[in-house]
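Observations on chain architecture
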There are 2 protein chains.
Amino acid sequence: MTKPFIFGHKNPDTDTICSALAFADLKNKIGEEATPVRLGVVNKETQFALDYFGVEAPEQIEKVEDGAKVILVDHNEFQQSAENIENAHIIEVVDHHRVSNFETREALYFRVEPVGCTATILNKMYKEKGIPVTKEIAGLLLSAIISDSLLLKSPTCTAEDVDAAHELAEIAEVNIETYGLKMLQAGADLSDKSARDLITMDAKEFSMGEAKVEIAQVNAVDTSDIYKSQAEIEAEMEKVVKEKELDLFLFVATDILNNDSEVLAIGSGKDKVASGFAVTFDGNNRALLKGVVSRKKQIVTTLTDEFLK
Amino acid sequence: MTKPFIFGHKNPDTDTICSALAFADLKNKIGEEATPVRLGVVNKETQFALDYFGVEAPEQIEKVEDGAKVILVDHNEFQQSAENIENAHIIEVVDHHRVSNFETREALYFRVEPVGCTATILNKMYKEKGIPVTKEIAGLLLSAIISDSLLLKSPTCTAEDVDAAHELAEIAEVNIETYGLKMLQAGADLSDKSARDLITMDAKEFSMGEAKVEIAQVNAVDTSDIYKSQAEIEAEMEKVVKEKELDLFLFVATDILNNDSEVLAIGSGKDKVASGFAVTFDGNNRALLKGVVSRKKQIVTTLTDEFLK
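What you see is a predicted model; the values in this text were computed from it and never measured. (Residues numbered from 1 in each chain as written. Chains lettered and ligands numbered in written order. Predicted model: local features only at pLDDT ≥ 70, side-chain atom pairs only at ≥ 80, totals over all residues. Heavy atoms only, no water.)

A look at the overall build of chain A
Counted only if it meets this: Helix and strand definitions here come from DSSP, where helices need a minimum of 4 consecutive H or I residues and strands a minimum of 2 consecutive E residues; each element is numbered from the N-terminal end. Put simply, the radius of gyration uses C-alpha atoms, and a globule should come to 2.2 Å times the residue count raised to 0.38. For every residue, the accessible area obtained with a 1.4 Å probe (protein chains only) is divided by the maximum for its type, and the residue is called buried under 20%, exposed over 50%, and partly exposed between those limits. Contact between two residues is taken to exist if any of their heavy atoms lie within 4.5 Å; hydrogens are not considered.
In terms of regular secondary structure, chain A is built from 11 helices and 11 strands. At 19 Å, chain A has a C-alpha radius of gyration in line with the 19 Å of a compact globule built from 309 residues. Expressed along its principal axes, the backbone C-alpha trace of chain A runs to roughly 60 × 45 × 35 Å. Relative to its 309 residues, chain A shows a buried fraction of 60%. In chain A, the share of contacts with a sequence separation of at least 24, taken over all contacts with a separation of at least 6, comes to 63%.

Below, the structure is given as structure tokens:
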């Protein structure tokens, strides 16, 4: 029998990669077989974390076979998962996102908790199983929390995430602030990215009522740097909107130092962004969303409400 | 602020009622407020358990208000839940069924495990929280396990359910076999039920691919007793099929002593029952499914596969 694959969402981020690695480690230590894999390229932020703690990235897969046993971390919506996921046999899910567009034939282990990061749930699962977290795994779990919480500053960050981060930092022997800022800055280096890269490297698709919405997010130290190529980014976004028949494509450039986001909206749903966040686009397709850093807790929720009105 | 309601599915069975009561007890003991409620009439089996352990049935509600905080036990599919559930704020789910037709705006506590009974998960949750189970609650949780597992004999019954049942029987101070058979027999007394009662008292609706399927189940000591009124039962089923535009209405009379089920199928999907279980209906709409007792693990799975073919 082949081992079940464990993977996070497409366009993997640090939580997705590190949670797949950690959960496979935990499974192996309690005597269950599992192989961590990924559904896309490792980004620079994640690579920084992997290099720092000396861990290899998991192998990449493109699709899953009919009937293959799989374990999902950090996502549950099928459109964010592997190709052919609807025909796989999902045996377990560990996630911290809303539940949507998920369906199985039989009961499974399904664990979602409203915390800031999958890694926080996994840290708890190590304790529940009585398995000590190694320095490497602690480093990966901490990196995931720092990434998802923008150094514990995002509104998605809960007291549980903060406690987990401090516990893990001690085991990983790093200073959260110093290490975290270096890791985020490594991820915010977008100098070698094309316009196409920027809008796909961390893009997720959502169903909001009848609407099909894609939201891409990048972290940056200076968002004006990114918008030097606004025209090219828009042209690439237009293509995707047409191709996938999107109602809205929202590109979110998040300033990791000031904790604001400058967004670019393409598609007929642009007015939903304007009304939801009380901003105007002024002929330009860009708007500044003050204090908005979380796709999940601030953007998806607001836009879902707007599209359901 | 009003306390969140905790409830199980429509047409409540013993697991749904007892799990709502037990989870509310656990919540209250860890300092969280919650009120158990139910979405329908308490059946005779459940009433036997409540009377035996001296516990009052929860109040009945008809629908939930927009934005009301609710906690679901023993179900997650919206069509099995309270009226207006899609506009409630679901903060938690504890269940042991497949995940389907469920969607929230934000992350929540969602815990599904592939065991035979919600009560088995709740028994584990008491331990995780370090709260001792009282005699009354142990009795309710045990009754739920006996009910869902047909006295630990159903294929849905896992080793975890069996262990939980033995633990709980000790606290509840009852003999599983003796108490369990009395409870099941109380539920199998259908002498005062009309044909309409029989097909609605434990009916659940399922989406299977494009098909809309309703499956009603009753336990009986002698299934031939039930089918004395086959003509009336069929007439009532025909009405429901028309009303709800069902592709299939399957009525399942389960023999609790021999662990077989005699089914009655109405609707264009009848051939799916024939092909799925390799039986023939022979002009009559009835067939004996040898060894089939579990709606969830034997009937829903088989029919879902047939409808997706």
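Concerning the interface of chain A and chain B
Cut-off, in case you're wondering: Buried area is calculated as the accessible area (1.4 Å probe) missing from two parts once they are joined, with the contributions of both summed. Between Lys or Arg on one side and Asp or Glu on the other, a salt bridge is scored when a side-chain nitrogen of the former is within 4 Å of a carboxyl oxygen of the latter. Between N or O atoms, a polar contact is any pair within 3.5 Å; within protein, one atom must be a potential hydrogen donor and the other a potential acceptor, and residues adjacent in sequence are included only when both atoms are from side chains. Each residue is assigned to one of three groups, with Ala, Val, Leu, Ile, Met, Phe, Trp, Tyr, Cys and Pro labelled nonpolar, Asp, Glu, Lys and Arg labelled charged, and all others, Gly among them, labelled polar.
On the chain B side, the residues contacting the 25 residues of chain A number 25 residues. Between chain A and chain B the total buried area reaches about 2,200 Å² when both faces are included, carbon and sulfur atoms providing 54% of it. On inspection of chain A and its partner chain B, the count reaches 2 salt bridges. With a closest N to O distance of 2.7 Å, R105 of chain A and D305 of chain B form a salt bridge. At the surface where chain A touches chain B, the tally comes to 8 residue pairs in polar contact (both at pLDDT 80 or more). Considering only residue class, the side of chain A that touches chain B consists of 8 nonpolar, 7 polar and 10 charged.

Some remarks on unusual backbone geometry
All names here are of chain A. Its identity as a non-glycine residue notwithstanding, L151 has a phi of 60 degrees, on the positive side. Among the secondary structure elements, L151 is positioned in the loop between α4 (135-149) and α5 (159-172). Backbone geometry places A278, a non-glycine residue, at a positive phi of 55 degrees. Checked against the element boundaries, A278 lands in the loop between α10 (270-277) and β11 (286-289). For A278, a relative accessible area of 71% translates into the label exposed.

Some details on the relation of the copies chain A and chain B
For the pair of chain copies, the relating operation is a rotation around an axis with a shift along it. Quick reminder of the rule: For the least-squares superposition of copies, only C-alpha atoms count, and only for residues with pLDDT at least 70 in both.
The two copies are related by a screw operation: chain A maps onto chain B through 180 degrees of rotation and 0.0 Å of translation along the axis, at an RMSD of 0.0 Å. Within this description, the copies of the chain are treated as partners about a two-fold rotation axis. Considering only C-alpha atoms, the part of chain A nearest the rotation axis is R111 of chain A, at 2.4 Å. An overlap of 100% is found between the interface residues of chain A and their copies at the interface of chain B, pointing to a shared contact surface.

Section: the UniProt feature "binding site: Mn(2+) 1" (unreviewed entry) in chain A
Residues and elements named next belong to chain A. The cut-off we apply is this: UniProt positions are given in the numbering used here, feature names are shortened, and annotations may be inferred rather than shown by experiment.
Under the feature "binding site: Mn(2+) 1" (unreviewed entry), the UniProt entry names H9, D13 and D74. The largest pairwise C-alpha distance within this set of annotated residues, which runs over 66 residues, is 9.6 Å, so the set is compact in three dimensions. Within the secondary structure, H9 is located in the loop between β1 (5-7) and α1 (14-29). With sequence-adjacent residues up to four places away left out, H9 is seen in contact with T16, L39, V73, D74, H75, Q80 and K204. Among the polar contacts made by the side chain of H9, one reaches the side chain of D13 at a distance of 3.4 Å. Inspection of the secondary structure puts D74 in the loop between β4 (69-73) and β5 (89-95). Overall, the relative accessible area of 1% leaves D74 in the buried class. When sequence neighbours within four positions are dropped, the list of residues in contact with D74 reads H9, D13, D15, T16, V94, D95, H96, H97, T118 and D148. A polar contact of 3.1 Å, which involves the side chain of D74, links it to the side chain of H96.

Examining the packing of aromatic side chains
Residues and elements named next belong to chain A. Selection criterion: Here a Phe, Tyr or Trp ring, Trp counted by its six-membered ring, pairs with any other such ring whose centre lies within 6.5 Å, and the pair is stacked when the planes are under 30 degrees apart, edge-to-face when over 60, and tilted otherwise.
Evaluation of the coordinates by the stated rule reveals 17 aromatic pairs over all chains. For the pair F48 and Y179, a centre-to-centre distance of 5.9 Å together with 40 degrees between the ring planes defines the contact as tilted. Note that F48 is positioned in helix α2 (residues 44-52) and Y179 in helix α6 (residues 176-187), a separation of 131 residues in sequence. Ring geometry for Y52 and Y179: centres 4.8 Å apart, planes at 65 degrees, overall edge-to-face. Here Y52, found in helix α2, pairs with Y179, found in helix α6; they are 127 residues apart in sequence, far enough to count as distant. Looking at Y179, the relative accessible area reads 3%, which means it is buried.

Observations concerning the pattern of salt bridges
Between side chains of opposite charge, pairing is possible as soon as their charged atoms come close. Following the criterion strictly, the structure yields 45 salt bridges over all chains and no others. Look at the salt bridges and you will find they share partners, linking R111, E113, K124, E128 and E160 of chain A into a network.

Here we look at the packing of helix α1 (residues 14-29) of chain B against helix α2 (residues 44-52) of chain B
Geometrically, a packed helix pair is captured by the angle between its two axes and the distance between the axes. Residues and elements named next belong to chain B. Operational definition: Axis definition: a line fitted to C-alpha atoms, limited for helices to the stretch in contact. Angles are taken between N-to-C directions and run from 0 to 180 degrees.
One can describe the packing of α1 onto α2 by two numbers: an axis separation of 9 Å at closest approach and a directional angle of 35 degrees. Of the residues in α2, those touching α1 at T14, I17 and L21 are E45, T46 and L50. The residue inventory of the contact of α1 with α2, partitioned by class, reads 3 nonpolar, 2 polar and 1 charged.

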